[in-house]
Amino acid sequence: GIQVEQSPPDLILQEGANSTLRCNFSDSVNNLQWFHQNPWGQLINLFYIPSGTKQNGRLSATTVATERYSLLYISSSQTTDSGVYFCAVEGFANDYKLSFGAGTTVTVRA
Amino acid sequence: DVKVTQSSRYLVKRTGEKVFLECVQDMDHENMFWYRQDPGLGLRLIYFSYDVKMKEKGDIPEGYSVSREKKERFSLILESASTNQTSMYLCASGGASRAAGEQYFGPGTRLTVT
């Protein structure tokens, strides 16, 4: 199956700082999603972005499908941004299956 | 807004009990999924369903079964709960045809088997 690697594994930020999370994947994909898992365990959809760039408030994401990576940008971080960020992909031959990365744990300190 | 609900946030069961976890979605999605999440192992797909009464095994189906009698509802069944099934269970819905599509997750059920 497709291998998904996220970096860094952990990130500690001061409130107001900017950061970039990276997701590398081992094969072509037709689906890529970014999720934020909140402290209560729920996975919140951030972006559905198999290619291109999207922005939502202080968050934005870019996927360069031909180079097999995606980036998630957090600007002016807030304590509520803390949690685990997951990247998940579906390959063209995977039929329904999302492969998840191990996640990046972000801690934003006030 | 897409809404996926799960029957319980926390559940404690005894070894050997039959356990039902229910998931309901309100967006008329064709596909529904059950995952479990464990520290160090990430999210793993247990079963999924692409239509009513249709199901397919995911990566770790052993010890589980599923039921989808209505499009909006997908149930995960632990036939005889064991301690190694203590985990966070996450339901998702989304996508159409033969594709995972954009998936939306429920709040999760933390199951403890004693």
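Residues numbered from 1 in each chain as written. Chains lettered and ligands numbered in written order. Predicted model: local features only at pLDDT ≥ 70, side-chain atom pairs only at ≥ 80, totals over all residues. Heavy atoms only, no water.

1. Describing the state of the cysteines
In a disulfide, the sulfur atoms of two cysteines are covalently bonded to one another.
All names here are of chain A.
Then step 1. With the rule as written, the count across this model stands at two disulfides over all chains.
Then step 2. Shown here is the disulfide that connects C23 with C87, its sulfur atoms set 2.0 Å apart. The S-S bond linking C23 to C87 shows a torsion near -60 degrees; that makes this disulfide left-handed. One end of the pair, C23, is in strand β3 (residues 19-25); the other, C87, is in strand β9 (residues 83-91), with 64 residues separating them in the sequence. Assigned by exposure class, C23 and C87 land together as buried. (Disulfide = S-S within 2.5 Å. Helix = DSSP H or I, 4+ residues; strand = E, 2+ residues; numbered from the N terminus. Buried < 20%, exposed > 50% of the residue type's maximum accessible area, 1.4 Å probe, protein only.)

2. Quick look at the pairing of strand β7 (residues 59-64) of chain A
Remember that side chains alternate between the two faces of the sheet whenever the strand is regular.
Residues and elements named next belong to chain A.
Then step 1. In terms of burial, β7 is a largely internal element, five of the six residues being buried.
Then step 2. With five bridges joining them, strand β6 (residues 52-56) and β7 adopt antiparallel strand pairing. Paired with T53 across the bridge in β7 is T62.
Then step 3. Connecting the antiparallel pair β6 and β7 is a turn made up of two residues, with G57 showing a positive phi of about 65 degrees.
Then step 4. As defined by bridge partners, β7 adjoins strand β8 (residues 69-74) across six bridges and the pair is classed as antiparallel. Following the sheet pairing, V64 is matched in β8 by Y69. (Pairing = 2+ DSSP bridges.)

3. Structural notes on the nonpolar core
Then step 1. The biggest cluster of nonpolar side chains holds 22 residues, and the ones touching the most others in it are L21, W34, L72 and V89 of chain A.
Then step 2. Ignoring anything within four residues of it in the chain, the contact list for L21 of chain A reads S7, L11, W34, S70, L71, L72, I74, Y85, T104 and V106 of chain A.
Then step 3. Listed in part, the 20 residues of the second largest apolar core include C23, I60, F74 and C91 of chain B. (Core = buried A, V, L, I, M, F, W, Y, C linked by side-chain atoms within 4.5 Å. Contact = heavy atoms within 4.5 Å.)

4. Looking at the pattern of salt bridges
All names here are of chain B.
Then step 1. On inspection of all chains with the given rule, the structure shows eight salt bridges over all chains.
Then step 2. Here E69 makes a salt bridge to K53, at a shortest N to O gap of 2.4 Å. Residue E69 is located in strand β7 (residues 64-70), and its partner K53 is located in the loop between β5 (42-51) and β6 (54-57); the two are separated by 16 residues in the primary sequence.
Then step 3. What makes K53 exposed here is its relative accessible area of 56%.
Then step 4. In this structure, a network of salt bridges that share partners links the residues R36, D38 and R44. (Salt bridge = Lys/Arg side-chain N within 4 Å of Asp/Glu carboxyl O.)

5. Some remarks on the sheet that holds β8 of chain A
Residues and elements named next belong to chain A.
Then step 1. In spatial order, the strands read β1-β3-β8-β7-β6; together these five strands make up an open sheet with antiparallel pairing. In this open sheet, the two edge strands, each paired with only one partner strand, are β1 (4-7) and β6. The sheet shows a mean angle of 15 degrees between the axes of neighbouring strands, taken without regard to direction.
Then step 2. When β3 meets β8, the two strands line up antiparallel, connected through six bridges. Note that in β8 the partner of N24 across the bridge is Y69. (Axes fitted to C-alpha atoms, helices over the stretch in contact; angles between N-to-C directions.)

6. Considering the interface of chain A and chain B
Then step 1. At the junction of the two partners, chain A supplies 17 residues and chain B supplies 26 residues.
Then step 2. A combined buried area of about 1800 Å² lies between chain A and chain B, and 53% of that area is made up of carbon and sulfur atoms.
Then step 3. The partner of D59 of chain B in a salt bridge is K97 of chain A, with the nearest N and O atoms 3.6 Å apart.
Then step 4. At the junction of chain A and chain B, the tally comes to five residue pairs in polar contact (both at pLDDT 80 or more).
Then step 5. Those elements giving two or more residues to the side of chain A that touches chain B turn out to be β4 (29-37), β5 (43-48) and β9 of chain A.
Then step 6. Looking at the side of chain A that touches chain B element by element, the count peaks at four residues for β4 of chain A. (Buried area = accessible area lost by both parts, 1.4 Å probe. Polar contact = N/O pair within 3.5 Å; in protein donor to acceptor, adjacent residues only side chain to side chain.)

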